[in-house]
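Here's the letter readout for the chains.
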Amino acid sequence: MMRLDHPTREELVQNFDAELASVRNGGGLRSETGLDSETDATLWAIARAYPNVSDELVVAAKKAFAGQLDGSNARRRREDLARRIEEMRRIRDGA
């Protein structure tokens, strides 16, 4: 069943820990975890690297998840979207 509310911080931490353990052990990823695209991408990188999961990949996943928790991933996405919109406006206006 699809949930209608956002997961709590505690639920996000539990979901991340479970997904990280899964991919580090050759498992897959679940959907509807509440993890953002940056965090998911790093977890997929670990899944693809299995069984040769490097410490660097794990550190990258933890860093991406920290960015989700502190809002920096979302802020970067908003800033990137604003830059793209501005670029499209400049192109449209011939600037």
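Owing to the predicted nature of the structure, the values given are computational and were not obtained by experimental measurement. (Residues numbered from 1 in each chain as written. Predicted model: local features only at pLDDT ≥ 70, side-chain atom pairs only at ≥ 80, totals over all residues. Heavy atoms only, no water.)

1. Here's the deal with the pattern of salt bridges
The full count for this structure, using the stated rule, is six salt bridges. The salt bridge involving Glu19 is made with Arg30; its shortest N-O contact spans 2.8 Å. With Glu19 in helix H1 (residues 9-24) and Arg30 in the loop between H1 and helix H2 (37-49), the pair connects residues that are eleven residues apart, well separated along the chain. Across the pair Arg84 and Asp80 runs a salt bridge, and its minimum N-O distance is 3.0 Å. Placement of both Arg84 and Asp80 in helix H4 (residues 72-92) is noted, with a separation of four residues, approximately one turn of the helix. With relative accessibility at 27%, the residue Asp80 sits in the partly exposed group. (Salt bridge = Lys/Arg side-chain N within 4 Å of Asp/Glu carboxyl O. Helix = DSSP H or I, 4+ residues; strand = E, 2+ residues; numbered from the N terminus. Buried < 20%, exposed > 50% of the residue type's maximum accessible area, 1.4 Å probe, protein only.)

In short, shape yes, function no, at least from these values alone.
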